[in-house]
Amino acid sequence: MVLAGVVAVDGPSGTGKSTTARGLALRLGARYLDTGAMYRAATLAVMRAGLPLDAARTDADGNDEAVAVAVRAALVMSTDPAEPRVLLAGEDVGAEIRGTEVTRNVSAVSALTKVREHLVAEQRRIVAATVAEGAGIVVEGRDIGTVVVPDAPLKIYLTASDTVRADRRTVEDTSAGRAADATSTGADLARRDRLDSSRVSSPLRAAPDAVEVDTSALDVDGVLDRLEDLAAERGMLTPALAQVGGGPPNGG
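What you see is a predicted model; the values in this text were computed from it and never measured. (Residues numbered from 1 in each chain as written. Predicted model: local features only at pLDDT ≥ 70, side-chain atom pairs only at ≥ 80, totals over all residues. Heavy atoms only, no water.)

**Some remarks on the pairing of strand β2 (residues 6-10)**
Here is the rule we go by: Working definition: with a 1.4 Å probe on protein chains only, accessible area under 20% of the residue-type maximum means buried, over 50% means exposed, and in between means partly exposed. Here a strand is any run of E in DSSP of at least two residues, a helix any run of H or I of at least four, and the numbering for each starts at the N terminus. Strand pairing is assigned whenever DSSP identifies at least 2 bridges connecting the two strands.
The buried fraction of β2 amounts to five of the five residues, a majority that puts the element mostly inside the structure. Both faces of β2 are covered, namely the face carrying V6, A8 and D10 and the face carrying V7 and V9. Here β2 pairs with strand β8 (residues 154-159) via four bridges, running parallel. Along β8, the bridge assignment pairs V9 with I156.

**What about helix α1 (residues 17-27)?**
What counts here: Residue contacts follow a heavy-atom distance rule, with two residues in contact if any of their heavy atoms lie within 4.5 Å.
Taken residue by residue, α1 has K17, T20, A21, G23, L24 and A25 as its buried positions. Contacts from the buried residues of α1 go to β2, β3 (31-34), β7 (137-141), β8 and α10 (220-233).

**Remarks on the sheet that holds β3**
The test is simple: Here an axis means a line fitted to C-alpha atoms, over the contact stretch when the element is a helix, while the angle between two N-to-C directions is reported on a 0 to 180 degree scale.
Pairing is parallel in the open sheet, where five strands are placed in the order β3-β7-β2-β8-β9. What marks the edges here is a single partner per strand, and that holds for β3 and β9 (211-214). The sheet shows a mean angle of 20° between the axes of neighbouring strands, taken without regard to direction. In the sheet, β8 pairs with β9 via four bridges, with the strands oriented parallel.

**Description of the pattern of salt bridges**
Going by this rule: When a carboxyl oxygen of Asp or Glu lies within 4 Å of a side-chain nitrogen of Lys or Arg, that pair is called a salt bridge.
For the structure shown, the criterion picks out 16 salt bridges. Between E83 and R85 there is a salt bridge, with its nearest N and O atoms 3.8 Å apart. Relative accessible area serves as the criterion here: at 44%, E83 is assigned to the partly exposed category. Its salt-bridge partner being D188, residue R191 comes within 2.9 Å of it at the nearest N-O pair. A residue pair is termed a helical-turn pair when its members lie 3 or 4 positions apart in one helix, as R191 and D188 do in helix α9 (residues 182-198) at three residues. For R191, a relative accessible area of 19% puts it in the buried group. When its relative accessible area of 22% is taken as the criterion, D188 is described as partly exposed. Residues joined by salt bridges that share partners form a network here, namely R27, D221, D225 and E228.

**Things to note about the packing of helix α5 (residues 100-110) against α9**
As a reminder of what qualifies: Just so you know how the angles are binned, under 35 degrees is roughly parallel, over 145 roughly antiparallel, 65 to 115 roughly perpendicular, and the rest oblique. Two helices crossing with the near one rotated counterclockwise from the far one by less than a right angle form a left-handed crossing, whereas a clockwise rotation gives a right-handed crossing. Any residue outside Ala, Val, Leu, Ile, Met, Phe, Trp, Tyr, Cys, Pro, Asp, Glu, Lys and Arg is labelled polar, Gly included; the first ten of those are nonpolar and the last four are charged.
Axis separation between α5 and α9 bottoms out at 9 Å; the angle between their running directions is 15°. Classified by the angle between their axes, α5 and α9 sit roughly parallel to one another. Here α5 and α9 pass one another in a crossing that is left-handed. Contact with α5, carried on its side by T103, R104, V106 and S107, involves D188, R191, R192, L195 and D196 of α9 and no other residues of that element. Its residues assigned to classes, the contact of α5 with α9 comprises two nonpolar, two polar and five charged.

**Points about the sheet that holds strand β4 (residues 75-77)**
Spatial ordering of the open sheet is given by β4-β5-β6, a layout of three strands whose pairing is antiparallel. If you trace the sheet from one side to the other, it starts and ends with β4 and β6 (91-92), each paired once. Across the face of the sheet, helix α2 (residues 35-48) comes into contact with β4, β5 (86-88) and β6 while running at roughly 25° to β5.

**A word on the environment of V69**
One can find V69 in helix α4 (residues 65-72). For V69, a relative accessible area of 16% gives the class buried. Separated by 53 residues in sequence, V69 and G16 place their C-alpha atoms 30 Å apart. In this view, V69 contacts A45, V46, A49 and L51; residues no more than four positions away in its chain are not counted.

**Some words on the nonpolar core**
Going by this rule: Definition of nonpolar core: a set of buried residues of the types Ala, Val, Leu, Ile, Met, Phe, Trp, Tyr and Cys, connected through side-chain atoms within 4.5 Å.
With 38 residues, the main nonpolar core has V46, I97, V115 and V149 as its most contacted residues. Only β2, α2, α4, β5, α5, α6 (113-132), β7 and α7 (144-148) provide two or more residues apiece to this core. Of the residues forming this core, the biggest block, eight residues, is contributed by α2. Among all residues touching V115, those that are not within four sequence positions of it are Y39, V67, A70 and V109. The next biggest cluster of nonpolar side chains, apart from the first, holds 22 residues, and it includes V7, A25, I156 and L227.

Here it is as structure tokens:
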């Protein structure tokens, strides 16, 4: 069976959004869009420009230099779940955007209203182009079901206990060669939750009609089985007559 339509996956860091969304796309022959990677790439562009990110939080008059840099960033996303590349000015920055410095600063850039407006418009364009091609797509982030695709037929809000989230992120960072420990990781996750939930533009929250799935005691296959069942209940699965191609509609 393959996915038809849009699945929105939201939730805080460490709940398994990326693993779940990408895994579901692979399982159901769909495209995959990691919107968080777009904000991370925009953050990297601002950092490379040498701009002070604390000042970027204000965005009082909409003319902040950080906004201009982020909006002008030449960003291309692949929607192939088998190879979800992130290109910034033609350079694959998929590994760099997961580093400590980008992680520490991404909430500041993500809070800029005009940056969010710009990237949300791009996310909607990618989703619309994918659907127009007849392909399904799994989109993950923090405002997918509330802002990016509020009409998605299936909205998922992933949760997990604070301890599980910190442990997962620590294992992920350590596996990628990044120094990490559960205590500092937990503090960083709490800080990001606070910033992302309190920002004026598109705060982190569950859509009223989202299905909450607690992943604390579930393995990856368990979460994917649950989401596949939900997609089937909504009539979003069709026979796999031909595998959906992986080439992204935006040239990534």
